Each structure stands twice: as C-alpha cells, then as structure tokens.
Amino acid sequence: MTAAAAPVTPVTPRTDAPDVPAADIVTIPDGLPGFERCRRFVVMSSPELEPLARVEGLDDERPSFLALDPRLALPDYDTVLSPADRQRLAVDDHDALLWLAIVRLEDTRLVVNLRAPIVINPRLMIGRQIVPADSPYSTHHELPMD
Amino acid sequence: MRVFTRKRNEAIVIGDGIEVRVLRVGRDGVRLGIVAPTEVAVHRGEIYAAVCAANRSAASTSAVEATGLVERVRAHLPSSSAALAPRGA
C-alpha cells in the first residue's frame, strides 16, 4: 500500500508588483547609476509627501526614492536634453516631459540631486537618469527649511 | 586592467564602434576624444561616481524621517506643481 502522492501545490509565480497596473510602470532601460538592474519603476504621489513624489523600483533591490520637480527646488532650473538623450527617450516636439530630481536625507537636511535628474517621457512611459556632460547644477542642493 | 602607451592622435578602439583618442597631452591633463554609439553613455568617472553615491544614499533614506522633513521644507517651495507649466521637449 502506498501513500497517495502528496498533491502538487500549484506555485503561484511571484508577481513583482501585484497592485501596479502595467500602464503605470515607467521603464528605465539602463536602470539608474548604482541600481543598473532595476528597470521598472512607478511614480506615486501622496498628500503627506506633496510636492515630492515617490519613485519605487519594482526589480532587483527595489530601490525607493523621493523626488521632486527640479524647478520647485530652483525656479529658474534649466537643463537641456542632449540629442542622444532625446533619441533615447524618443522625444518628439509635442512631448511634455516629467522631470524628477532625486531627494535624499543627509544629516537632518533634505538634499536634491539637480545635476542628474530622472526625465520621463509619459507618452511612452520610458525614462532615464540623465547625466549631462556639463551642468551648472550640483548633486548636493539643500532644500531650505525653517 | 589593460594598459597602453599612446601618443597624441593615437587611439584605442573598444569593441564595435567605441574609439578613445588622445587629442592633447599637457602638463595638467590629457584631453581625450570619445566616439561611441548613442546607446553607450559616456561620463566623467567622478561625476558618474557622485551620481551613484547620491542614488545609493537616496535609496537608503528613511521614508518616515523624510516625510517629517517634507513638512518643514514645504513652506519654502512653490505651492504646487500645478503652478508649473508643462515643460516641452
């Protein structure tokens, strides 16, 4: 008499982000410097973080970042996409791009990387952290606080 | 690491379509010209390292702690992104 074989439990494939609709996923084909293996991200906003947004990685280490439009940190912020970056993001003249500068905590200050913002083409949901060859902006811009 | 001796105007070719050429050798530095396909990003090493370090630091920022500080910077930022005109390409 042999015991019945244990029923095979169907293995549910681990979904990376069960609650993120595919249409909300931004693909960053090269990843971000330091996180090259994370290619898919979702940008989320919440009232307590406003006007900052949260950029959540869905792959690998799943890095999570706070970010804000660099023009909120510096109203006259002006960085131009290089022709190569325009091509990588398949930008056409009608595209309104989403610019997000990554924010970090250093000691007790919020510091923004204005040197290398993430630029997203919402029409195609692709993005890239651009690192312009020359830029007047710093990777270390402190946000003023009271 | 591969090491080469190159004179002015001599180049190194890497893989398919990447060329590094010595344009000028001066006392304070060497001027290099890089030709690479558009899908290959070319950065100054120290800038790329600074961006990596900033990203690593940003990813380890505590959301709870940062949220507390957002309260304190909000008053100093333009009120909302609605005030920003969409940025064209």
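For the structure, check the block above.
An account of the accompanying structure is given in this report. Here the structure is a predicted model, which means the values were calculated and not measured.

**Considering the nonpolar core**
Leu52(A), Leu81(A), Leu110(A) and Val112(A) are the most contacted members of the largest nonpolar core, which totals 29 residues. For this core, the elements supplying multiple residues, two or more each, are strand 4 (64-68), helix 1 (70-73), strand 5 (98-106) and strand 6 (109-112) of chain A together with helix 2 (63-74) of chain B. Not counting residues within four places of it along the chain, the set of residues in contact with Leu110(A) comprises Val103(A), Arg104(A), Leu105(A), His141(A), Glu142(A), Leu143(A), Met145(A), Ala66(B), Leu69(B), Val70(B) and Val73(B). In this structure, Phe35(A), Phe65(A), Ile118(A) and Ala58(B) belong to the second largest nonpolar core, which totals 14 residues.

**Considering the packing of aromatic side chains**
Note on aromatic pairs: each is described by the distance of the centres and the angle between the planes. Residues and elements named next belong to chain A. One pass over the full model with this rule turns up three aromatic pairs over all chains. Ring geometry for Tyr77 against Trp99: centres 6.5 Å apart, planes inclined by 75°, an arrangement best described as edge-to-face. Pair noted here: Tyr77 is in the loop between helix 1 and helix 2 (83-88) and Trp99 is in strand 5, with a separation of 22 residues, a long-range link. Here the aromatic cluster, defined as three or more aromatic residues joined through ring pairs, consists of Tyr77, Trp99 and Tyr137.

**As for the interface of chain B and chain A**
At the junction of the two partners, chain B supplies 38 residues and chain A supplies 54 residues. In total, chain B and chain A occlude about 4,000 Å² of area from one another, counting both sides; carbon and sulfur atoms represent 59% of this. The interface formed by chain B and chain A contains two salt bridges. The salt bridge partner of Glu61(A) is Arg56(B), with a shortest N-O separation of 3.0 Å. Taken together, the connections running from chain B to chain A amount to 11 residue pairs in polar contact (both at pLDDT 80 or more). Only helix 1 (45-59) and helix 2 of chain B provide two or more residues apiece to the side of chain B that touches chain A. Counting residues per element, the side of chain B that touches chain A draws most heavily on helix 1 of chain B, which supplies 11 residues. Taken together, the residues of the side of chain B that touches chain A break down into 21 nonpolar, nine polar and eight charged.

**Some points on the pairing of strand 7 (residues 118-121) of chain A**
The side chains of a regular strand alternate between the sheet's two faces. Residue and element names in this part refer to chain A. Of the two faces of strand 7, the one holding Ile118 and Ile120 and the one holding Val119 and Asn121 are both buried throughout. Summarising the sheet, strand 5 and strand 7 pair through three bridges and their orientation is antiparallel. Pairing of Trp99 across the sheet is with Val119, part of strand 7. Here strand 7 runs beside strand 8 (residues 126-129); their pairing, made up of four bridges, is antiparallel. Paired with Ile118 across the two strands is Gln129, which belongs to strand 8. In textbook terms, the turn of a hairpin is the stretch between consecutive antiparallel strands, and for strand 7 and strand 8 this stretch comprises four residues, one of which, Met125, has a positive phi near 55°.

Procedures and definitions
- Residues numbered from 1 in each chain as written.
- Chains lettered and ligands numbered in written order.
- Predicted model: local features only at pLDDT ≥ 70, side-chain atom pairs only at ≥ 80, totals over all residues.
- Heavy atoms only, no water.
- Core = buried A, V, L, I, M, F, W, Y, C linked by side-chain atoms within 4.5 Å.
- Buried < 20%, exposed > 50% of the residue type's maximum accessible area, 1.4 Å probe, protein only.
- Helix = DSSP H or I, 4+ residues; strand = E, 2+ residues; numbered from the N terminus.
- Contact = heavy atoms within 4.5 Å.
- Phe/Tyr/Trp six-rings, centres within 6.5 Å; stacked < 30°, edge-to-face > 60°.
- Buried area = accessible area lost by both parts, 1.4 Å probe.
- Salt bridge = Lys/Arg side-chain N within 4 Å of Asp/Glu carboxyl O.
- Polar contact = N/O pair within 3.5 Å; in protein donor to acceptor, adjacent residues only side chain to side chain.
- Nonpolar A, V, L, I, M, F, W, Y, C, P; charged D, E, K, R; others polar.
- Pairing = 2+ DSSP bridges.

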